[in-house]
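The residues making up each chain are set out below.
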Amino acid sequence: MKRKAHFFFCASAIWVAASPNAFAQDRPAEALPAEEAMVAGDDGTIVVTARRREERLADVPTAASVIDSASLADRGGATGTGELLADQPSVRFNNLNSSITSEISIRASSTARATNGDPSVGLYRNGAYIAGGAVGGRNFTRLDLLDIGRVEVLRGTQGALYGRNAVGGAINIISAEPEFDVSGWASARYGFENENLQLQGAANVPLAEGLAVRLSADFVEQDKGFFYNPGNDVYFDQQKGHGLRGQLRLKRGPVDAIFMAETQRLTTPAIHYQISIPAGTPGFPGGYTQDRFSYPWSTPPRASQDVDGLQAIFRIDLGGADLTSTTSFRKRHSEYDLDNDAVSSAELARARAAGQIGALIPIDPSASSFVVDTTDNFTLDIHVSGSSDRLTWLVGADLLLLDSDFSVTTTRTQTLANSSPGNIAPARLHFESYAAYGSLGFDLTESLNLTGELRYTRDSRSITARLYDLATGLPTGGAARIIDDSISADNISYNATLSQKVTADVLAYGKVGSSYRAGGFNTRLSDPRAPSPVQVLFGNESSTSYEFGIKGTPIRRGYFAIAGYYTVLDDLIAQVDDGCALTNAACPVAAVAFLTNAGDAKSWGIEAEYSQGFDLGEGSGRLALSGSRQGGEVKSGRFDGLDLAQVPDWLASANLNLRYPVGKDVALTSNVLVSGQWGGKQELTATSVDLDDYVLVNLRAGVEFGDFSLSAFANNVFNKIYFVAQAPTINRYSQPRVIGIEGRVKF
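Residues numbered from 1 in each chain as written. Predicted model: local features only at pLDDT ≥ 70, side-chain atom pairs only at ≥ 80, totals over all residues. Heavy atoms only, no water.

Asker: Any chance you could break down the overall build of the chain for me, citing the residues and the numbers?
Answerer: Counting its secondary structure elements, the chain contains five helices and 42 strands. Taking the principal axes of the C-alpha coordinates as reference, the chain spans close to 80 × 60 × 50 Å. Expressed as a percentage of the 747 residues in the chain, the buried residues total 57%. Here the analysis covers contacts within the chain between residues at least 6 apart in sequence; of these, 67% occur between residues at least 24 apart. (Helix = DSSP H or I, 4+ residues; strand = E, 2+ residues; numbered from the N terminus. Buried < 20%, exposed > 50% of the residue type's maximum accessible area, 1.4 Å probe, protein only. Contact = heavy atoms within 4.5 Å.)

Take a look at the structure:
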């Protein structure tokens, strides 16, 4: 894989350097860079690449939003995906306490959670697909959120141009690029409750005419937290590590090229949960519920994620057409440790003596799992776009090669009946995907446009998995644990969009499109005692979506967008579990989640967003509002009639930013971010509990002295604690309030 990455990386550079007929790429004259547009309070003028070419956001006939670096800085930045996407309509961050297992869903798209499935949202960095792999591939890493230029959030089916599981949409984080002047920024942030210190910064230096370098760095140290493991004196939510990025930009006549290298070494918050079993449950006469923030695990909690990446981007004006080539190689190494029974020997003895846990319940305090995954991801995308008086067109191709080496080591207490100390289950996943895509738009009149998009995808996947005894190193588990399998699939996805300029500043559109989410393999198999054992293979999911919307900038410094959608899903990929639980005498260990095809389903929703810039005396402000109503249910198979899991009925947010000058080069600043969710079901079961309702409020106030600012902040100011996940015997809680200070300087 490394040789392939090196070859394509070099080949792209040589090919572009040899291209003789290129010219500098022009930006639409009426569009503004993201920061300038946000300062003006007019989101619609921002330049985006939602359709893989530069356009004003207000002119793109699809539901899309932009988060830029200036608005992120106003609310204190984002070092986690939940912070980044907190104010986006129809977007939900499924927080499982650890960034390694958490994930994103958009427009009621399904979640894979504690499995090795692909996400239902396409995750991109600078136009390169970065998701996939057994662990850690359904969420952005901390490194991805360092030194952001802008984030493009595309809601709804994006299968034709983006492919790659973009059932609910696609998110493209675009790093700040090197510029040809001296500039930069630095920040220091400290949270008092969890003793969290974060240092970040970037420096932009021109080296010569048309040559510049940009260096970015991130450092975090947090030894304490809110969730504690007393037996090992460690916090589940500790963090420690660094991220570094270097970019070199060369702009010479026809060619604009960016070369990037980056790395992350990070101890990240570990998976944690509370055991809660009510009194009277068979085998638990007195009931057993752990403290909300202290969990007596015998296994020390640990999670880490290391990332190394290389990327080359070339943009070339061919004289009537623009070519963009993106080559990316990324190695992601993720690990986490899990206490399968979530109790230590001492705690189990105490609970039995107190009559909370029955003497015959076969709980093993030494039962633990150690999960390791190394995923190599190589992508290459080349596309060419152009336009004439009435036509716009684009043609492209991409390649994805992914290898994932995954293992789960499970330990147990040795007994006379079974002297094995446990086993290790290694697996190797290989994925190859090839695609060709294109789009053609035609102006039927000056205000009416018809655009078609089409993608052909060829996927092939294979798996090799075994189970070995830890003591002897010999195969164990019989034929069921010898897995050599492969699947392949072809798919054609499309989008057809009709858009009408209602006025010069308002666009209405209707679209129909399809998407495709590849099937795969469940690599983490069940305990042999499980009542519903994990099935290795699950099939492809496909969908067809219908959308109508209207958007625009009808008033000065104001932008609005409203969209409604209806999606039909065939062979929905959904998460279920194998039925194990501490309360299940037949299999008293933590359940293993896995993916299965749950039948056909439907989802629907309506969403709206509005932003307005305004003057406040000598000062200025910006208010952004968003809200969405969504739902869905399974329409066939054994889950027929059940609501889709992890889909809140309502999502809403409000973001208010104010700036008021009080003297020469002195200004007061403040930001309020309110976000919440209501309704929905936790699991795809008839007995599922509801998702927890919540409203979170983040406050920030500060003062600017020229290029330096000092702020105080309170995240979750009202200390709202809610369930981020619940299972029959398990609760996961949100993070309590954090108060802190931040200093920031720019130059």
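Past the structure itself, the notes keep going.
Asker: Run through the confidence of the model for the chain, naming residues and quoting values.
Answerer: The predicted model of the chain has a mean per-residue pLDDT of 89, with 93% of residues at 70 or higher. A low-confidence stretch, residues 1-32 stays under pLDDT 50, and its non-local contacts, those more than four residues away or across chains, total 66 contacts. Scored below 50 in pLDDT, residues 37-41 makes 16 contacts in the model with residues more than four places away or belonging to other chains. (pLDDT = per-residue confidence, 0-100.)

Asker: Tell me about unusual backbone geometry, and please be specific about residues and values.
Answerer: One non-glycine residue, Arg557, lies in the positive phi region at around 65°. Among the structural elements, Arg557 can be located in the loop between β30 (541-552) and β31 (558-570). Overall, the relative accessible area of 12% leaves Arg557 in the buried class. One non-glycine residue, Asn716, lies in positive phi territory at about 60°. Following the sequence through the fold, Asn716 ends up in the loop between β39 (708-715) and β40 (723-727).

Asker: Go over helix α5 (residues 345-353), please, and point to the residues and values.
Answerer: By the burial criterion, the buried members of α5 are Glu347, Leu348 and Ala351. When α5 is viewed along its axis, its buried side chains cluster within an angular range of 100° and face the same direction. Exposed positions of α5 whose direction lies more than 90 degrees from the buried face are Ser345, Ala346 and Ala353. Tucked inside the fold, the buried residues of α5 contact β18 (288-289). A positive backbone phi angle near 80° is found at Gly355, which sits one or two residues after α5. (Arc of directions from axis to C-beta.)

Asker: Can you tell me about the nonpolar core, naming the residues and giving the values?
Answerer: Formed by 60 residues in total, the largest nonpolar core has its most connected members in Tyr273, Ile275, Ile357, Leu572 and Leu684. Residues in contact with Tyr273, not counting those within four places in the same chain, are Gln290, Tyr295, Trp297, Leu338, Asp339, Asn340, Ala342, Ala590, Ile730, Asn731 and Arg732. (Core = buried A, V, L, I, M, F, W, Y, C linked by side-chain atoms within 4.5 Å.)

Asker: Provide a residue-level description of the sheet that holds strand β17 (residues 274-277), including the pertinent values.
Answerer: Taken together, four strands build an open sheet; the order of strands is β18-β17-β41-β40 and the sheet is antiparallel. Unpaired on one side and paired on the other, β18 and β40 mark the two borders of the sheet. Pairing of β40 with strand β41 (residues 730-733), which is carried by four bridges, proceeds in the antiparallel orientation. Across the sheet, residue Ala725 finds its bridge partner in β41, namely Arg732. (Pairing = 2+ DSSP bridges.)

Asker: Can you tell me about the pattern of salt bridges, naming the residues and giving the values?
Answerer: Summed over all chains, the structure comprises 40 salt bridges. Across the pair Asp87 and Arg75 runs a salt bridge whose closest N-O atoms are separated by 3.0 Å. In this pair, Asp87 is assigned in the loop between α4 (81-84) and β4 (91-94) and Arg75 in the loop between α3 (69-74) and α4, connecting sequence segments twelve residues apart. Both residues of the pair, Asp87 and Arg75, count as buried. (Salt bridge = Lys/Arg side-chain N within 4 Å of Asp/Glu carboxyl O.)

Asker: How would you summarise the packing of aromatic side chains if you had to cite specific residues and measurements?
Answerer: Enumeration over the complete set of coordinates arrives at 13 aromatic pairs. Ring geometry for Phe227 against Phe293: centres 5.3 Å apart, planes inclined by 55°, an arrangement best described as tilted. Of the two residues, Phe227 sits in the loop between β12 (211-222) and β13 (228-229) while Phe293 sits in the loop between β18 and β19 (302-317), which places them 66 residues apart along the sequence. With relative accessibility at 2%, the residue Phe227 sits in the buried group. Exposure remark for Phe293: the relative accessible area of 21% places this residue in the partly exposed category. An aromatic cluster of three or more residues is present, and its members are Phe227, Phe236, Tyr273, Phe293, Tyr295, Trp297, Phe723 and Tyr733. In this arrangement the basic side chain of Arg292 is found over the ring face of Tyr733, its NZ or CZ atom lying 5.9 Å from the centre. (Phe/Tyr/Trp six-rings, centres within 6.5 Å; stacked < 30°, edge-to-face > 60°. Lys NZ or Arg CZ within 6 Å of the ring centre and 35° of its normal.)

Asker: So what's going on with a nonpolar patch on the surface? Residues and values would help.
Answerer: There is a patch of nonpolar side chains on the surface, built from Leu391, Trp393, Val395, Leu440, Phe442, Leu444, Leu450 and Leu498 and spanning about 660 Å² of accessible area. Those elements that provide at least two residues to the nonpolar patch are β22 (391-411) and β23 (422-443). Ranked by residue count, the leading element in the nonpolar patch is β22, at three residues. As for its placement among the helices and strands, Leu444 is situated in the loop between β23 and β24 (448-465). Here Leu444 falls in the partly exposed class, since its relative accessible area comes to 36%. (Patch = residues over 30% accessible without salt bridge, like charges linked within 9 Å, V, L, I, M, F, W, Y side chains within 5 Å. Areas by Shrake-Rupley, 256 points an atom, 1.4 Å probe, with all protein chains shown as cover.)

Asker: Outline the sheet that holds strand β3 (residues 63-68), listing residues and values.
Answerer: Spatially, five strands are ordered β3-β8-β9-β6-β7 in an open sheet, and the strand pairing comes out mixed. Of all the strands in the sheet, the pair left with one neighbour each is β3 and β7 (128-129). As paired elements, strand β6 (residues 121-125) and β7 share two bridges and run antiparallel to each other. Residue pairing for β7: Tyr124 is matched across the bridge by Tyr129.

Asker: I'd like a description of the environment of Gly159, backed by residues and values.
Answerer: Topologically, Gly159 is positioned in the loop between β8 (148-155) and β9 (169-175). Gly159 has contacts with Ala166, Arg455, Ser493, Ser514 and Ser515, leaving out every residue within four places of it along the chain.

Asker: Got a sec to walk through the side chain of Ser175? Specific residues and values, please.
Answerer: In this fold, Ser175 is placed in strand β9. What makes Ser175 buried here is its relative accessible area of 2%. Contacts of Ser175, omitting those with residues within four sequence positions, involve Arg125, Asn126, Asp147, Ile148, Gly149 and Arg245.

Asker: How would you summarise the environment of Gly632 if you had to cite specific residues and measurements?
Answerer: Structurally, Gly632 can be placed in strand β35 (residues 619-634). For Gly632, a relative accessible area of 14% corresponds to the buried category. Not counting residues within four places of it along the chain, the set of residues in contact with Gly632 comprises Lys602, Ser603, Trp604, Leu642, Asp643 and Leu644.

Asker: Give me the side chain of Glu152: which residues, what numbers.
Answerer: Along the chain, the position of Glu152 falls in strand β8. A polar side-chain atom of Glu152 sits 2.9 Å from a polar atom in the side chain of Arg150. (Polar contact = N/O pair within 3.5 Å; in protein donor to acceptor, adjacent residues only side chain to side chain.)

Asker: Can you explain the environment of Gln726? Please cite residues and give values.
Answerer: With respect to the helices, strands and loops of the structure, Gln726 is situated in strand β40. A relative accessible area of 18% places Gln726 in the buried class. Measuring from C-alpha to C-alpha, the distance between Gln726 and Thr324 comes to 45 Å, with 402 residues separating the pair along the chain. Not counting the four nearest positions on each side in its chain, Gln726 is found in contact with Gln682, Glu683, Val689, Asp690 and Asn731.

Asker: How would you summarise the pairing of strand β32 (residues 573-577) if you had to cite specific residues and measurements?
Answerer: Counting buried residues along β32, four of its five residues qualify, which places the element largely inside the surrounding structure. The pairing of β32 with strand β33 (residues 593-597) spans five bridges and is antiparallel. Paired with Val576 across the two strands is Phe594, which belongs to β33.

Asker: Which residues make up the pairing of strand β10 (residues 183-191), and what values go with them?
Answerer: With nine bridges joining them, β10 and strand β11 (residues 196-208) adopt antiparallel strand pairing. In the strand pairing of β11, Tyr190 is matched with Leu197. Counted along the chain from β10 to the antiparallel partner β11, the turn is four residues long, and its residue Glu195 has a positive phi close to 50°. Two strands pair when backbone bridges link them, and β10 and strand β42 (residues 738-746) are joined in this way by seven bridges, in the antiparallel orientation. Its bridge partner lying in β42, Ala188 is registered against Gly743.

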